[in-house]
Protein chains: 2
Amino acid sequence: MTVRAILTLKGHDCVTIAPDATLAEAANLLSQHGIGAVVITGPDRRVIGILSERDIVHQISALGAAAMNQPVASAMTREVVTCTEDETIPQLMQRMTEHRFRHVPVVDRGRLAGIVSIGDVVKHRVAELEREHDALKEYIATA
Amino acid sequence: MTVRAILTLKGHDCVTIAPDATLAEAANLLSQHGIGAVVITGPDRRVIGILSERDIVHQISALGAAAMNQPVASAMTREVVTCTEDETIPQLMQRMTEHRFRHVPVVDRGRLAGIVSIGDVVKHRVAELEREHDALKEYIATA
């Protein structure tokens, strides 16, 4: 099973913000959508960064209330780990748990095509393992 | 496998904060420890709340910079879902993914005894499923 299966279920929508928006605007966006990260894109929908709840909390810790007026570009992660729709779920899950990413933008020919969270990946991976497990047990029971 | 197996590996330490600390202090604590949530305890180590990165971002979204000086008690979740060391990992994982909690304090005779994150739970559950899977395949191959 690949990332495509996740996006087929959850859709290709992905909340984005411009690099010159403020962290206060980014906090509003995360809060309104009930999400943990927002992708920063250039005019051609190329991914130029990602900003998480954790990045906002770090900036508040470092700068206090002044963090609110800082541009998103000052706090975002610039070296974004992305995946394609063809990546398998176990592969992606291993990359995410190893490097402790919670969100990975999906890129198609250089352009943002969706986003998957560790929650999406885990849900699919566990369901997959449980199905395989049941199939093996069934095989043993009827062999 | 139960929650005890997770705590045996990661230990019983759990970062806590008092209910009258400010959100700025809580943000510092999360940032320093690289964690996503802090437990609020009373003097007897009873759990009275939990505060996550998301709760801080919500308060910033609602109040702007003024959020920084608010007490933790004003933003924390008061109805905390807890578990015991005897709860099985699949059970806890189901509760966490259903209700979308990322952190669950572990309680022993009413007192805080540790904390498990969705990352801890998933790592153990996937490892467990993969082991069972390999055992079943081995059984089939040698039967």
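Residues numbered from 1 in each chain as written. Chains lettered and ligands numbered in written order. Predicted model: local features only at pLDDT ≥ 70, side-chain atom pairs only at ≥ 80, totals over all residues. Heavy atoms only, no water.

Quick notes on helix α6 (residues 118–142) of chain A
Quick reminder: α-helices carry 3.6 residues per turn. Residues three or four places apart thus point the same way. Between its first and last C-alpha atoms α6(A) spans 36 Å; for 25 residues at 1.5 Å apiece the expected length is 36 Å, and the two agree. Regarding α6(A), the residues found buried are A:Asp120, A:Val121, A:Val122, A:His124, A:Arg125, A:Val126, A:Glu128, A:Leu129, A:His133 and A:Leu136. Of the surrounding secondary structure, the elements contacted by the buried residues of α6(A) are α1 (3–10), α5 (89–99) and β5 (111–117) of chain A together with α4 (89–99) and α5 (118–142) of chain B. (Helix = DSSP H or I, 4+ residues; strand = E, 2+ residues; numbered from the N terminus. Expected span 1.5 Å × (residues − 1). Buried < 20%, exposed > 50% of the residue type's maximum accessible area, 1.4 Å probe, protein only. Contact = heavy atoms within 4.5 Å.)

Things to note about the sheet that holds strand β3 (residues 47–52) of chain A
Residues and elements named next belong to chain A. With respect to topology, 3 strands assemble into an open sheet ordered β1-β2-β3, the strand pairing being mixed. Unpaired on one side and paired on the other, β1 (16–17) and β3 mark the two borders of the sheet. Pairing of β1 with strand β2 (residues 37–41) involves 2 bridges; the strand directions are parallel. The partner of Thr16 across the bridge, within β2, is Val39. (Pairing = 2+ DSSP bridges.)

A short note on empty space enclosed by the protein
Per the counting criterion, the structure on display carries 1 cavity of 30 Å³ or more. Secondary-structure elements contributing two or more residues to the lining of the largest cavity are α2 (23–33) of chain A together with α3 (53–63) of chain B. When residues in the lining of the largest cavity are grouped by element, the largest group, 3 residues, is from α3(B). Considering only residue class, the lining of the largest cavity consists of 3 nonpolar, 3 polar and 2 charged. (1 Å grid on protein atoms, 1.4 Å probe; cavity = no way out; pocket = protein on both sides within 12 Å on 5 of 7 lines; lining within 4 Å. Points joined across faces, edges and corners; volume = space filled by probe spheres on them. Nonpolar A, V, L, I, M, F, W, Y, C, P; charged D, E, K, R; others polar.)

Quick word on helix α3 (residues 53–63) of chain A
Those residues of α3(A) that sit buried are A:Glu53, A:Asp55, A:Ile56, A:Val57, A:Gln59 and A:Ile60. Elements in contact with the buried residues of α3(A): α2, β3 and α4 (72–75) of chain A together with α2 (23–33) and α3 of chain B. Just downstream of α3(A) lies A:Gly64, where phi reads positive at about 65°.

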